[in-house]
Structure formats: structure tokens, C-alpha cells
Amino acid sequence: MNPVLEADIRQYAGSEVLYPKRYKVRPRVYFIIIKTEAATMEDFKEKKALHTIPTVTPKAQAPALVKLNEIRPGWYEGMIDFKRVLLVPGTGKFQYRDTQFIAYVKAESGMDCYNRIVEHLRERVDDRSQFPSAKGKNFKFRYLGAAK
């Protein structure tokens with residue numbers, strides 16, 4: 001035990017960090033400090049004082065999926081980021097390039113907007129191009145209003 005180790009342990013004990021802290025004593029020998037809210041060792045062993053980490057529930061993700069499938073006929077602005085296969089002129093080889101495509105689409109829902117954009121692109125780009133999922137972060141849409 002030295003003053004540097006003591007200061008580090010005191011800092012760890014005073015912080016709000018809950019993960020275990022490991023100190024190397026010698027090769028393949030470690031000293032581990034575990035923070036817990038358990039009153040006794042028996043409570044700790046029986047896991048009575050578990051610190052629960054709040055997790056994201058599937059309900060938090062549901063509104064985006066509901067919004068994607070919500071039937072709302074009209075005009076949509078759809079933006080898709082996809083991997084497009086392009087020929088490199090100097091080498092004659094092909095490579096994937098990140099490409100952004102934005103279109104105004106008359107559709108029934110966000111999902112219909114995605115399907116129409118992908119259908120349009122499949123007819124115009126190399127078959128090896130890769131399109132993201134409609135549920136992912138690489139597809140965004142915005143409802144512009146009802147069709148007139």
C-alpha cells in the first residue's frame with residue numbers, strides 16, 4: 001500500500017462509479033474492490049442489494065415503429081443513406097460509396113415511402129448496392145401534408 005494507491009481507492013469510494021475496480025498486485029494476482037449497498041456480506045452474497053441500471057424498454061422504441069406504419073396518405077419527404085456500388089474509372093474495379101438520396105413521394109405511410117424509394121433506386125443502381133432497413137437510423141421521413 002502506498003499513498004498513490006490509497007488516494008485512488010479513496011477517490012473510487014467517494015465517486016458514484018459502481019463497476020468493480022481492479023488493482024494488479026503481481027503477475028496474475030489482482031486485488032478487486034466492489035461497491036455495494038448491501039449491509040452485510042450475506043446480503044451481498046444473496047444479492048439483496050442489487051443496484052438496478054435503468055434499461056430502455058421496448059415501449060420507448062415503439063412510437064418510431066408506430067409512426068413508420070401509421071396510415072396517413074399524402075406527401076412525404078424520404079431520406080435514405082445507402083451503400084451504392086460504383087465503378088472506379090482508373091482501376092476498372094467496383095467499390096461501395098455511401099450515398100444519400102432524398103425524394104418527395106406520394107405515399108400511404110412512412111413504410112410505403114421507404115418501399116417506393118427503394119423500388120425506384122433498385123431500377124437505377126447496381127444490383128449489389130445495399131439498402132438499410134426502414135427501421136434503422138439510415139432512413140428518415142417527414143410527412144409534408146395531405147395530397148390534393
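Residues numbered from 1 in each chain as written. Predicted model: local features only at pLDDT ≥ 70, side-chain atom pairs only at ≥ 80, totals over all residues. Heavy atoms only, no water.

Asker: When you look at the overall build of the protein in this model, what are you seeing that I'm missing?
Answerer: Helix and strand content of the protein: four helices and five strands. Its helices and strands taken in sequence order, the protein reads α-β-β-α-α-β-β-α-β from the N to the C terminus. By the burial criterion, 22% of the 148 residues in the protein qualify as buried. Summarising the internal contacts of the protein: among those between residues at least 6 apart in sequence, 53% fall at separations of at least 24. Just so you have it, the protein exposes about 11800 Å², and 55% of that area is on carbon and sulfur atoms. (Helix = DSSP H or I, 4+ residues; strand = E, 2+ residues; numbered from the N terminus. Buried < 20%, exposed > 50% of the residue type's maximum accessible area, 1.4 Å probe, protein only. Contact = heavy atoms within 4.5 Å. Areas by Shrake-Rupley, 256 points an atom, 1.4 Å probe, with all protein chains shown as cover.)

Asker: Explain the side chain of E77 to me, please; I cannot follow it from the model alone.
Answerer: Relative to the helices and strands, E77 is located in strand 3 (residues 74-87). Assessed through its relative accessible area of 19%, E77 is described here as buried. In this structure the side chain of E77 is engaged in a polar contact, spanning 3.4 Å, whose partner is the side chain of Y104. (Polar contact = N/O pair within 3.5 Å; in protein donor to acceptor, adjacent residues only side chain to side chain.)

Asker: Looking at this structure, I do not really get the nonpolar core. What am I missing?
Answerer: Across soluble globular proteins, you tend to see nonpolar side chains buried next to one another. Among the nonpolar cores identified, the biggest contains 16 residues, and I80, C113, Y114, I117, F131 and F139 are the most heavily contacted of them. Of all elements in the fold, only strand 3, strand 4 (94-107) and helix 4 (110-122) reach the threshold of two or more residues within this core. Top contributing element to this core by residue count: helix 4, with five residues. Once you skip the residues sitting within four places of it in the chain, I80 turns out to touch T99, Q100, F101, Y114, I117, V118, L121, F131, P132, N138 and F139. (Core = buried A, V, L, I, M, F, W, Y, C linked by side-chain atoms within 4.5 Å.)

Asker: Just to check I follow, could you spell out the side chain of S109 for this structure?
Answerer: For S109, the position within the fold is in the loop between strand 4 and helix 4. Those residues in contact with S109 that lie beyond four places of it in its chain are L68, N69, E70, I71 and Y76.

Asker: I keep staring at the pattern of salt bridges and nothing clicks. Help me out?
Answerer: When charged atoms on two side chains of opposite charge get close, those side chains can pair. Here the structure, examined in full by the defined rule, presents seven salt bridges. One salt bridge in this structure joins R10 and E6, with 3.1 Å as the shortest N-O distance. Remark: E6 and R10 occur in helix 1 (residues 3-14); sequence separation between them is four residues, near one turn of the helix. Taking the shortest distance from any N to any O, the salt bridge between E77 and R142 comes out at 2.8 Å. (Salt bridge = Lys/Arg side-chain N within 4 Å of Asp/Glu carboxyl O.)

Asker: Would you mind showing me how to read the packing of aromatic side chains here?
Answerer: Where two aromatic rings form a pair, the distance of their centres and the angle of their planes describe that pair. Counted by the stated rule, this structure contains five aromatic pairs. Here the aromatic rings of Y76 and F141 are separated by 6.0 Å at their centres, their planes lie at 55°, and the arrangement is tilted. Placement of Y76 in strand 3 and of F141 in strand 5 (residues 139-145) is noted, with a sequence separation of 65 residues between them. The partly exposed category is assigned to F141, whose relative accessible area is 23%. Ring plane angle 70° and centroid distance 5.1 Å describe the contact between Y114 and F139, whose orientation is recorded as edge-to-face. Separated by 25 residues along the polypeptide, Y114 in helix 4 and F139 in strand 5 bring together distant segments of the chain. The pair Y114 / F139 is uniform in exposure class, with both members buried. Across from the ring centre of Y30, 4.2 Å away, lies the NZ or CZ of R22, which sits over that ring. Geometry around Y12 places K35 over its ring, the cationic atom sitting 5.1 Å from the centre. (Phe/Tyr/Trp six-rings, centres within 6.5 Å; stacked < 30°, edge-to-face > 60°. Lys NZ or Arg CZ within 6 Å of the ring centre and 35° of its normal.)

All quantities given are derived from atomic positions and should not be read as evidence of function.
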